[in-house]
Amino acid sequence: MSVLRPFRATDMFKFNHINLDLWTETYAINFYLGYFSRWPDMCAVQETPQGRIMGYVMGKAEGAGTERHGHVTALSVAPEYRRLGLARKFMSFLEQVSDENYRGYFVDLYVRCINTAAIHMYEGFGYSVYRRVKEYYQNLGLGLNPRDEEDGFDMRKPLSRDPMRRSVRANGRDITVSAHEVP
């Protein structure tokens, strides 16, 4: 049986097979180490009994007042371990830490507008589009609509401190902002 455990610095040398996915944003080692050192309780991996990493999540806490929230920086599951509920497990983990440890009002994440599978998955977890962020990502070069390849949806899910759901909006797909307007 696999186990969800805290991220360790040495895990960076064991998750290349996960980061090769087209949809996974890959960062420099110092980026991962920065998150791990600042928000270790928001970084976790799912590991097989043999020590193979099945997926990971990294997040951070940011904002102040009613804008205090958890942010999903990276969530990726190796292709051979998808559709086992690991993404839901990672998201529940990050939501709980954001709510209990950081007293956040919501959790947010960014996803490419053309990644419909991920968008539907997050909607199934209770997330909704808050706004479209123009040119948030680099172009993938897939030859599709460049706007959709580069634009990202800011998706949010309210936590227990937001029972009135003020951190989300019903018409988020109709709201567009520039990447420069996003902190």
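Residues numbered from 1 in each chain as written. Predicted model: local features only at pLDDT ≥ 70, side-chain atom pairs only at ≥ 80, totals over all residues. Heavy atoms only, no water.

An unreviewed UniProt entry lists the chain under the name N-acetyltransferase, from Trametes coccinea.

> Which residues make up helix α4 (residues 116-124), and what are the values?
Among the residues of α4, A118, I119 and Y122 are the ones counted as buried. Buried residues in α4, looked at end-on, bunch into an arc of 100 degrees, giving them a common side. Exposed residues on α4 whose side chains face more than 90 degrees from its buried face are A117, H120 and G124. Those residues of α4 hidden inside the fold are in contact with β4 (69-77), α3 (86-100), β5 (106-112) and β7 (152-158). A positive backbone phi angle near 100 degrees is found at G126, which sits one or two residues after α4. (Buried < 20%, exposed > 50% of the residue type's maximum accessible area, 1.4 Å probe, protein only. Helix = DSSP H or I, 4+ residues; strand = E, 2+ residues; numbered from the N terminus. Arc of directions from axis to C-beta. Contact = heavy atoms within 4.5 Å.)

> Break down the sheet that holds β4 for me, citing the residues and quoting the values.
The strand order β1-β2-β3-β4-β5-β7-β6-β8 describes an open sheet built from eight strands, whose pairing is mixed. Of all the strands in the sheet, just β1 (3-6) and β8 (176-178) have a single pairing partner and so form its edges. Neighbour-to-neighbour, the strand axes of this sheet turn through a mean angle of 30 degrees, independent of strand direction. In this structure, β4 lies alongside β5, joined through four bridges in parallel fashion. Of the residues in β5, the one forming a bridge with V72 is L109. Running at roughly 65 degrees to strand β3 (residues 53-62), helix α2 (residues 29-38) makes contact with β2 (43-47), β3 and β4 of the sheet. (Pairing = 2+ DSSP bridges. Axes fitted to C-alpha atoms, helices over the stretch in contact; angles between N-to-C directions.)

> Residue-level account of a nonpolar patch on the surface, with values.
Residues F13, I29 and L33 make up a contiguous nonpolar surface patch of about 300 Å² in total accessible area. Structurally, I29 is set in helix α2. (Patch = residues over 30% accessible without salt bridge, like charges linked within 9 Å, V, L, I, M, F, W, Y side chains within 5 Å. Areas by Shrake-Rupley, 256 points an atom, 1.4 Å probe, with all protein chains shown as cover. Salt bridge = Lys/Arg side-chain N within 4 Å of Asp/Glu carboxyl O.)

> Which residues make up the environment of C113, and what are the values?
For C113, the position within the fold is in the loop between β5 and α4. Judged by relative accessible area, which is 11%, C113 ranks as buried. Residues C113 and P6 lie 107 residues apart in sequence; the distance between their C-alpha atoms is 30 Å.

> Which residues make up the nonpolar core, and what values do they have?
Membership of the largest hydrophobic core comes to 44 residues, with the highest contact counts inside it found for Y122 and M155. Contributing elements (two or more residues each) for this core: α2, β2, β3, β4, α3, β5, α4 and β7. Per element, the largest residue contribution to this core is seven residues, and it comes from α3. Discounting chain neighbours no more than four positions away, the residues touching Y122 are L75, M91, L109, V111, Y127 and M155. (Core = buried A, V, L, I, M, F, W, Y, C linked by side-chain atoms within 4.5 Å.)

> Explain the environment of E123 to me, using residue names and the numbers behind them.
The residue E123 is located in helix α4 in this model. A residue is classified by how much of its surface remains accessible, and E123, at 32% relative accessible area, is partly exposed. As a C-alpha pair, E123 and E47 span 76 residues in sequence and 26 Å in three-dimensional space. Leaving out residues up to four positions away in the same chain, E123 has contacts with M155 and R173.

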